Amino acid sequence: TTFREGFMTTYCFGGTALIKAYQMRGKEEYLDGAKRFVDFWMFYQNKASDRFGVIGTFYDKYIDNKTGKIKDFYYDETGSNKGGPGYDASDADGPTIAWTAWEYYKLTGERKFLEKYKENFKLILKSMQATVDPNDSLTWCHPNWQVKYLMDVCEVWAFLNSLEKIFGELEEKQLVAD
């Protein structure tokens, strides 16, 4: 069997685009695709500290075209991820998944879906908190790339709202306050 190699990153709006497609067309496969987007990335979440010392992040992935296995994508010798696995932005990647999960929940009311990933959501919050600059409450996009992108900062604060609602729904009052 030959597999087609493909690059995968959390930093996309694929999950929420599927939510919107479902809202516009009513096709269940779009809603199911959004759920699978969340399922996939939660499975591959770094539940321990990643190689940069941040917990709760998501390394970019690729499909090995010889074996069909999903593996960490290794970056070349340039950029913030040089010499190993990495991600686009530790501040905004996880929150895009939480946002997709919240939007899915709003449409389905599947509380068990949120409960299933409760610990993952806590780790996403930690990954966001790890890059907050206490001097201005803005986020660095990456532990090795201390730049503050307006787009990422806006996403972090907007998606933090989704986490707040998820924790509220799961009756995690202390996490809502955090």
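Residues numbered from 1 in each chain as written. Predicted model: local features only at pLDDT ≥ 70, side-chain atom pairs only at ≥ 80, totals over all residues. Heavy atoms only, no water.

S.K.: A description of the overall build of the chain should follow, citing residues and the corresponding values.
M.R.: Looking only at helices and strands, the chain has seven helices and three strands in total. For 178 residues, the compact-globule estimate of 2.2 N^0.38 gives 16 Å, and the chain sits close to it at 16 Å. Across its three principal axes, the chain shows a C-alpha extent of roughly 50 × 45 × 25 Å. For the chain, with 178 residues in total, the buried portion stands at 44%. In the chain, 65% of the contacts between residues at least 6 apart in sequence involve partners at least 24 apart. For the chain, the accessible surface area stands at approximately 9600 Å², while carbon and sulfur atoms represent 53% of it. Side chains of the chain carry 23 positive and 27 negative charges; the gap between the two charge centres is 5 Å. (Helix = DSSP H or I, 4+ residues; strand = E, 2+ residues; numbered from the N terminus. Rg over C-alpha atoms; globule rule 2.2 N^0.38 Å. Buried < 20%, exposed > 50% of the residue type's maximum accessible area, 1.4 Å probe, protein only. Contact = heavy atoms within 4.5 Å. Areas by Shrake-Rupley, 256 points an atom, 1.4 Å probe, with all protein chains shown as cover. Lys, Arg positive; Asp, Glu negative; His and termini not counted. Charge placed at Lys NZ, Arg CZ, Asp CG, Glu CD.)

S.K.: Kindly report on the pattern of salt bridges, identifying the contributing residues and their values.
M.R.: Scanning all chains against the criterion turns up eleven salt bridges. Close ionic contact of Asp-39 with Lys-116 constitutes a salt bridge, the shortest N to O distance being 4.0 Å. A residue pair is termed long-range when its members are at least 10 positions apart, and Asp-39 in helix α2 (residues 28–43) and Lys-116 in helix α4 (residues 111–116) qualify at 77 residues. According to the relative accessible area criterion, Lys-116 is exposed, its value standing at 56%. We note a salt bridge from Lys-148 to Asp-136, for which the minimum N-O separation is 2.7 Å. Placement of the pair is Lys-148 in the loop between α5 (118–129) and α6 (150–169) and Asp-136 in the loop between α5 and α6, with a sequence separation of twelve residues. Because the salt bridges share partners, they merge into one network encompassing Arg-111, Glu-115 and Glu-169. (Salt bridge = Lys/Arg side-chain N within 4 Å of Asp/Glu carboxyl O.)

S.K.: An account of the nonpolar core is requested, with residue identities and associated values reported.
M.R.: Core analysis: the biggest nonpolar cluster contains 31 residues, and Val-38, Met-42, Phe-121, Ile-124 and Leu-163 have the highest contact counts within it. Contributing elements (two or more residues each) for this core: α1 (14–25), α2, α3 (93–108), α4, α5 and α6. Once residues lying within four places of it in the same chain are set aside, the contact partners of Val-38 are Ile-97, Thr-100, Ala-101, Phe-113 and Tyr-117. (Core = buried A, V, L, I, M, F, W, Y, C linked by side-chain atoms within 4.5 Å.)

S.K.: Tell me about the environment of Trp-102, and name the residues and values.
M.R.: Mapped onto the fold, Trp-102 is located in helix α3. Linking Trp-102 and Asn-161, residues 59 residues apart in sequence, is a C-alpha distance of 9.8 Å. With near-sequence residues (within four places) excluded, Trp-102 lies in contact with Leu-114, Ser-162, Lys-165, Ile-166 and Glu-169.

S.K.: Could you give me a rundown of unusual backbone geometry, with the residues and numbers involved?
M.R.: In this structure, Ser-137 takes a positive phi of about 65 degrees despite not being glycine. Assignment of secondary structure puts Ser-137 in the loop between α5 and α6. At Glu-171, a residue that is not glycine, the phi angle is positive and equals roughly 55 degrees. Along the chain, the position of Glu-171 falls in the loop between α6 and α7 (173–177). Exposure remark for Glu-171: the relative accessible area of 58% places this residue in the exposed category.

S.K.: I'd love a proper account of α6, names of residues and values included.
M.R.: Relative to the 28 Å expected for 20 residues at 1.5 Å per residue, α6 spans 29 Å between its end C-alpha atoms, a close match to the ideal helical length. Of all the residues in α6, the buried ones are Asp-152, Val-153, Glu-155, Val-156, Phe-159, Ser-162, Leu-163, Ile-166 and Phe-167. The inward-facing, buried residues of α6 contact α3, α4, α5 and α7. Immediately beyond the C-terminal end of α6, within one or two residues, lies Glu-171, with a positive phi of roughly 55 degrees. (Expected span 1.5 Å × (residues − 1).)

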